[in-house]
Amino acid sequence: MSRLLLGLMLISGVAFAESDLWQHLSQAQHVAPIKLMQDVERQFPGVIAEFSTELDDGVLTYEIDVINPRDKSMTELVYRARDGQLLRRQTGNLTSEDKNELQAAAKILEHNQTFSQLINQAMQTHQAFVVEAQLDRDLGINYLELELLNADGKVKLAFDIDQQKPLPLLTWS
């Protein structure tokens, strides 16, 4: 019985956090993630490899990781969503764990694209907020994995970087 109660508490906590994030994104004034990504793409060398949205004590922030294939570095940027102010910047070397993201980033460069353009393509048929987005490579496929949030909840999907189309086998809700 205690396990059941614990499980219900965890599920309701996740649903509450999701609902709180939805309310914040749909009602609060904030810099659009795509606009911020485009600004980062102009200001920093490399390719955005990851984007995430965090809501902590009512403060919405965006975290963006930029991979620079030339010097094999990763720069982590944290912005306040309300006004786009940079709160933190940290740069370090890529590790072996980053190799899949690095390969996917190289494919984006090979296609003369940007992360923000890829997100726009992937979201053409979705009316939702980008909550998370990440480059990855698996089974020889370079793809963008997206987590979107709309009034009905979260939806995950994947977009093939090489074929420039959704990966239906990797779409779930």
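Conventions and cut-offs
Residues numbered from 1 in each chain as written. Predicted model: local features only at pLDDT ≥ 70, side-chain atom pairs only at ≥ 80, totals over all residues. Heavy atoms only, no water. Helix = DSSP H or I, 4+ residues; strand = E, 2+ residues; numbered from the N terminus. Buried < 20%, exposed > 50% of the residue type's maximum accessible area, 1.4 Å probe, protein only. Contact = heavy atoms within 4.5 Å. Areas by Shrake-Rupley, 256 points an atom, 1.4 Å probe, with all protein chains shown as cover. Pairing = 2+ DSSP bridges. Phe/Tyr/Trp six-rings, centres within 6.5 Å; stacked < 30°, edge-to-face > 60°.

- Identification of the chain as PepSY domain-containing protein from Shewanella submarina is taken from an unreviewed UniProt entry.

1. Regarding the overall build of the chain
Then step 1. The helix and strand tally for the chain stands at four helices and eight strands.
Then step 2. Along the chain, from the amino end to the carboxyl end, the secondary structure elements read α-α-β-β-β-β-α-α-β-β-β-β.
Then step 3. The buried share among the 173 residues of the chain stands at 38%.
Then step 4. Of the contacts formed within the chain by residues at least 6 apart in sequence, a portion of 42% connects residues at least 24 apart.
Then step 5. Carbon and sulfur atoms make up 50% of the accessible area of the chain, which totals about 10,400 Å².

2. Let's talk about the sheet that holds strand β6 (residues 141-150)
Then step 1. A sheet is described by the order of its strands in space; here eight strands give the open sequence β4-β3-β2-β1-β5-β6-β7-β8, paired in antiparallel fashion. Looking at the sheet topology across the chains shown, the edges are occupied by β4 (86-93) and β8 (165-166).
Then step 2. As paired strands, strand β7 (residues 153-160) and β8 are joined by two bridges and run antiparallel to one another. Bridge pairing in β8 places aspartate 160 opposite lysine 165.

3. Focus on the packing of aromatic side chains
Then step 1. Counted according to the given criterion, the structure contains one aromatic pair.
Then step 2. Pairing phenylalanine 51 with tyrosine 62 gives two aromatic rings, centres 5.4 Å apart and planes at 45°, and the pair type is tilted. Placement of the pair is phenylalanine 51 in strand β1 (residues 47-56) and tyrosine 62 in strand β2 (residues 59-68), with a sequence separation of 11 residues. Taken as a pair, phenylalanine 51 and tyrosine 62 share a single burial class, namely buried.

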